[in-house]
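Remarks on the overall topology
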Amino acid sequence: MGLFFSKRPPKVTAHDRAVLELKVQRDKLRQYHTRINNMIDRETQIARECLRQDKRRQAVIALKKKKYQEGLLDKSQTQLENIQAMVDSIEFTIMEKKVFDSLRAGNAVLQDIQREIGGVEAVEDLMEERVCVRLSRYPAELTTYVLMKESMKYDSCVTIG
């Protein structure tokens, strides 16, 4: 349902295009591998058939072609590994960038909240105010306590005497 009401299609960045091109190239190399493997199998079959028919020279030529195809397969395998490593590296770097952006946004929110609170100094000032209010009440509480004790002594003396 969101697809119908969205205002713009998602942006395709240069990074996305680069990753897509690398993946397309990787897929083409995999197809090339399949073709080369099929050619190697075919050359092997030709060499066996030539040996059965006592055509040694043609069998040697088929085996040389097979060896050449195996060399191409090794080179393309190296290229495939390089492309896959690059795709993985790019995708990981994109993920790192997203994490970094999230950390940056979280840090900005944290700073905004600290500005709203007034920072550490405001919290310390608030705590000092609470301590001062408590200490200012202490003498009054102490005086009330002493007066109450005196009054209890006086009441006990009056009732006894």
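Let me begin by describing the structure that accompanies this report. If you're wondering where the values come from, they're calculated on a predicted model, not measured in any experiment. (Residues numbered from 1 in each chain as written. Predicted model: local features only at pLDDT ≥ 70, side-chain atom pairs only at ≥ 80, totals over all residues. Heavy atoms only, no water.)

Notes on a negative patch on the surface
Where like charges cluster on the molecular surface, the negative patch consists of Glu-121, Glu-124, Asp-125, Glu-128 and Glu-129. Structurally, Glu-121 can be placed in helix α4 (residues 119-160). (Patch = residues over 30% accessible without salt bridge, like charges linked within 9 Å, V, L, I, M, F, W, Y side chains within 5 Å. Areas by Shrake-Rupley, 256 points an atom, 1.4 Å probe, with all protein chains shown as cover. Salt bridge = Lys/Arg side-chain N within 4 Å of Asp/Glu carboxyl O. Lys, Arg positive; Asp, Glu negative; His and termini not counted. Charge placed at Lys NZ, Arg CZ, Asp CG, Glu CD. Helix = DSSP H or I, 4+ residues; strand = E, 2+ residues; numbered from the N terminus.)

Overview of a nonpolar patch on the surface
Where nonpolar side chains cluster on the molecular surface, the patch consists of Val-109, Ile-113, Ile-117, Val-123 and Met-127 and spans about 440 Å² of accessible area. Sorting the residues of the nonpolar patch by element identifies α3 (56-117) and α4 as the ones contributing at least two each. A total of three residues in the nonpolar patch trace back to one element, the largest contributor, which is α3. Using a relative accessible area of 47% as the deciding quantity, one classes Met-127 as partly exposed. (Buried < 20%, exposed > 50% of the residue type's maximum accessible area, 1.4 Å probe, protein only.)

Structural notes on helix α2 (residues 14-52)
Within an α-helix, residues lying three or four positions from one another point in the same direction, as the helix has 3.6 residues per turn. With 39 residues, α2 ought to run about 57 Å at 1.5 Å a step, and its terminal C-alpha atoms sit 57 Å apart, in line with that. Among all positions in α2, only Val-19, Leu-22, Arg-26, Leu-29, His-33, Ile-36, Ile-40, Glu-43, Thr-44, Ala-47 and Cys-50 are buried. Against α3 lie the buried residues of α2. One or two positions beyond α2, positive phi appears at Asp-54, with a value near 60 degrees. (Expected span 1.5 Å × (residues − 1). Contact = heavy atoms within 4.5 Å.)

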